[in-house]
Protein chains: 2
Amino acid sequence: MALDHAILVSLLEKPGSGYELARRFDRSIGYFWTATHQQIYRVLKRMEREGWVTAREVAQRGRPDKRHYAVSEAGRAALSAWLHEPIEPESVRHDLAVKIRGAAFGDRTALLREVERYRQVHAARLAHYLAGEERDFTGPGAPGRQDAMGELQHVVLRGGIAYERMTLAWLDDVLATLHRIS
Amino acid sequence: MALDHAILVSLLEKPGSGYELARRFDRSIGYFWTATHQQIYRVLKRMEREGWVTAREVAQRGRPDKRHYAVSEAGRAALSAWLHEPIEPESVRHDLAVKIRGAAFGDRTALLREVERYRQVHAARLAHYLAGEERDFTGPGAPGRQDAMGELQHVVLRGGIAYERMTLAWLDDVLATLHRIS
DNA sequence: ATCCTCTATGCAACTCGTTTCATAGGCAAG
DNA sequence: CTTGCCTATGAAACGAGTTGCATAGAGGAT
């Protein structure tokens, strides 16, 4: 149950409302942790009850009021404790791998189209990551070498980039294999 | 909800009991789809009701009876239909990535130990995959070039190998980064 | 003798995550 | 002037997945 901690990290990097968090989970954080606004609102309420975050109502003109959240000392302590816990093995679920093995018993050309579409998605994602890296971690505006937060964000992004490159190479392997056996 | 289809594929590759399936989900299939025996038994029952699989009671000596499952024509059709459906984007959840970004606000040496342990797990997994490849896909007993099932199983395994290699390289990057900022 | 593990299946309770619906004002496009 | 999107939050229901417990005989270890 690391959603709690993902939210804590995001709020530590920058406090904000549930809505703002939900948007971050569609972008930067969402690269390695997905969550809907429903989940986020529910978890924020629970964490507020437990005293991990504090909320502040912010009235706005022309817009609905919002609840601005920040991490409390108890929240920091909870995150720190979690960092010491061993990582439980992540449960893997790759639809595409199931489909590939399933293609031995079904329509292989249908899979081929799917793989090509899938490849485009990952190519776009790689381009997106690279643009983000260019924007945030190179050039004059880049964080300094001693900026721990920036360095850690960057190494996670590099992980995403490596993953996408690996995936693209593998998908080419899959396409070549599908062509070979047909 | 691809667990149904993962079970169908596994049963098409080789029919068997729920218990046998559960063991496969601890090995080959488990490389890209995890499932507990509870889930498997439940889904098998449901698929039997829906007519996707047929069951046959097998009495055994010195062991509990078992229910041997095989995929029906309706099950094959359901799998084929699923192969034509577009793959929905997989929801990503990387505890380690959350922890790495969380390390900006907590104990970095604790994370370092965790990453090293994590690295060992992935090194072992890579060795395991490579041993499986050596055993099943090289040498004289290897499936022929025209064996679609073997070729497709192999390309999925190559994906796992590529993933582990990429992960190991990235974890080295993470370790170097952690050392650099401390 | 007793404990543990393996085979083999299943119920019940629970947690986590997704989907659908609801509210409500502002703003832009057609 | 109506339709739809954006901000902002939330309830309710559902579905998927996990954990704990139960049963039960065979065989091996201590």
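Counting restarts for each chain: residues are numbered from 1 in the order of the written sequence. Chains carry letters and ligands carry numbers; both start at the beginning, A for chains and 1 for ligands, and go up in the order they are written. Per-residue local features of the predicted model are confined to residues with pLDDT of at least 70, and side-chain atom pairs are confined, for both listing and counting, to 80 or more; whole-chain, interface and lining totals are unaffected and use all residues. Processing note: side-chain calculations cover all non-hydrogen atoms of the structure and skip hydrogens and water entirely.

The name given to chain A in an unreviewed UniProt entry is PadR family transcriptional regulator, and the organism recorded there is Streptomyces caatingaensis.

Draft legend 1. Expanded view of the overall build of chain A. Strands are runs of DSSP state E lasting at least 2 residues, helices are runs of H or I lasting at least 4, and numbering of each runs from the N terminus. Of the regular secondary structure elements, chain A holds seven helices and three strands. Listing the helices and strands of chain A from first to last along the sequence gives α-β-α-α-β-β-α-α-α-α. Atoms counted for the radius of gyration: C-alpha only. Globule rule: 2.2 Å times the number of residues to the power 0.38. A compact globule built from 182 residues would reach a C-alpha radius of gyration of about 16 Å, whereas chain A, at 21 Å, exceeds it by more than 25%. A burial count over chain A gives 47% of its 182 residues as buried. Any two residues having at least one pair of non-hydrogen atoms within 4.5 Å are treated as being in contact. Pairs at least 24 apart in sequence give 57% of the contacts found in chain A among residues at least 6 apart. Using a 1.4 Å probe, the Shrake-Rupley method yields the accessible areas, and only the shown protein chains count as cover for residues. Within the structure as shown, chain A displays about 9300 Å² of accessible surface, and the carbon and sulfur contribution to it stands at 53%. The charge count treats Lys and Arg as positive and Asp and Glu as negative. His and the chain ends do not count. By convention, charge coordinates are those of NZ in Lys, CZ in Arg, CG in Asp, or CD in Glu. Taking the 27 positively charged and 24 negatively charged side chains of chain A as two groups, their mean positions are separated by 4 Å. For every residue, the accessible area obtained with a 1.4 Å probe (protein chains only) is divided by the maximum for its type, and the residue is called buried under 20%, exposed over 50%, and partly exposed between those limits.

Draft legend 2. Structural detail: the relation of the copies chain A and chain B. Superposition of the copies was done by least squares, using only C-alpha atoms of residues whose pLDDT is at least 70 in both. The transform that puts chain A on chain B rotates by 180 degrees and translates by 0.0 Å along the axis, for an RMSD of 0.0 Å. Such a turn and shift between the copies fits a two-fold axis. Judged by C-alpha distance, M166 of chain A is the residue of chain A that lies nearest the rotation axis, at 3.4 Å. The overlap is high: 100% of the interface residues of chain A also sit at the interface in chain B, so the same surface is used on both sides.

Draft legend 3. Broad picture of the pairing of strand β3 (residues 66-71) of chain B. All names here are of chain B. In short, DSSP must find at least two bridges between two strands for them to pair. Taken together, the two bridges between strand β1 (residues 16-17) and β3 define a ladder with antiparallel strand orientation. Residue pairing in the sheet places S17 in a bridge with H68 of β3. Sheet analysis places strand β2 (residues 53-58) next to β3, joined by six bridges and oriented antiparallel. Bridging across to β3, V53 finds its partner in V71.

Draft legend 4. Representation of the domain arrangement of chain A. What the domain assignment reports for chain A is domain 1 (1-84) and domain 2 (95-181). The C-alpha-based centres of domain 1 of chain A and domain 2 of chain A are spaced at 28 Å. Note that domain bounds follow an automatic or database assignment of domains.

Draft legend 5. Geometry of the sheet that holds β2 of chain B. Residue and element names in this part refer to chain B. Sheet architecture is open: three strands sit in the order β1-β3-β2, paired in antiparallel fashion. The two strands at the open ends of the sheet, each matched to only one other strand, are β1 and β2. Think of each axis as a best-fit line through the C-alpha atoms, taken over the contacting stretch in the case of a helix, with angles from 0 to 180 degrees between the N-to-C directions. In the packing of helix α3 (residues 37-49) onto the sheet, the strands contacted are β2 and β3, and the crossing angle to β2 comes to about 115 degrees.

Draft legend 6. Representation of the UniProt feature "domain: Transcription regulator PadR N-terminal" (unreviewed entry) in chain A. UniProt positions are given in the numbering used here, feature names are shortened, and annotations may be inferred rather than shown by experiment. Per the UniProt entry, the sites bearing "domain: Transcription regulator PadR N-terminal" (unreviewed entry) are residues 7-80 of chain A in this numbering. The span residues 7-80 of chain A carries 47% helix and 19% strand; its end-to-end C-alpha distance comes to 14 Å.

Draft legend 7. Fine view of helix α1 (residues 3-13) of chain A. Taking burial as the measure, the 11 residues of α1 of chain A include 11 buried ones, the bulk of the element. Those residues of α1 of chain A that fall on the buried side of the exposure criterion are L3, D4, H5, A6, I7, L8, V9, S10, L11, L12 and E13 of chain A.

Draft legend 8. A look at the packing of helix α1 (residues 3-13) of chain B against α3 of chain B. Residue and element names in this part refer to chain B. Orientation of α1 relative to α3, taken along the N-to-C sense of each, is 85 degrees, at an axis distance of 10 Å. Taken together, the axis directions place α1 and α3 in an arrangement best described as roughly perpendicular. On α3, the residues touching L3, D4, I7, L8 and L11 of α1 are Q39, I40, V43, L44, R46 and M47. Think of it as three bins: nonpolar holds Ala, Val, Leu, Ile, Met, Phe, Trp, Tyr, Cys and Pro, charged holds Asp, Glu, Lys and Arg, and polar takes everything else, Gly as well. Residues belonging to the contact of α1 with α3 are distributed by class as follows: eight nonpolar, one polar and two charged. We call two directions roughly parallel when the angle between them is under 35 degrees, roughly antiparallel when it is over 145, roughly perpendicular when it lies between 65 and 115, and oblique otherwise.

Draft legend 9. Here's a closer look at the pattern of salt bridges. Salt bridge, as applied in this entry: a Lys or Arg side-chain nitrogen positioned within 4 Å of an Asp or Glu carboxyl oxygen. Counted by the stated rule, this structure contains 22 salt bridges over all chains. With a closest N to O distance of 2.5 Å, E151 of chain A and R180 of chain B form a salt bridge. Separated into two different chains, E151 of chain A in helix α7 (residues 148-180) and R180 of chain B in helix α7 (residues 148-180) make up a pair that spans both. When its relative accessible area of 5% is taken as the criterion, E151 of chain A is described as buried. Exposure remark for R180 of chain B: the relative accessible area of 37% places this residue in the partly exposed category. Connected through salt bridges with shared partners, the residues D4, R46 and E50 of chain A form a single ionic network.

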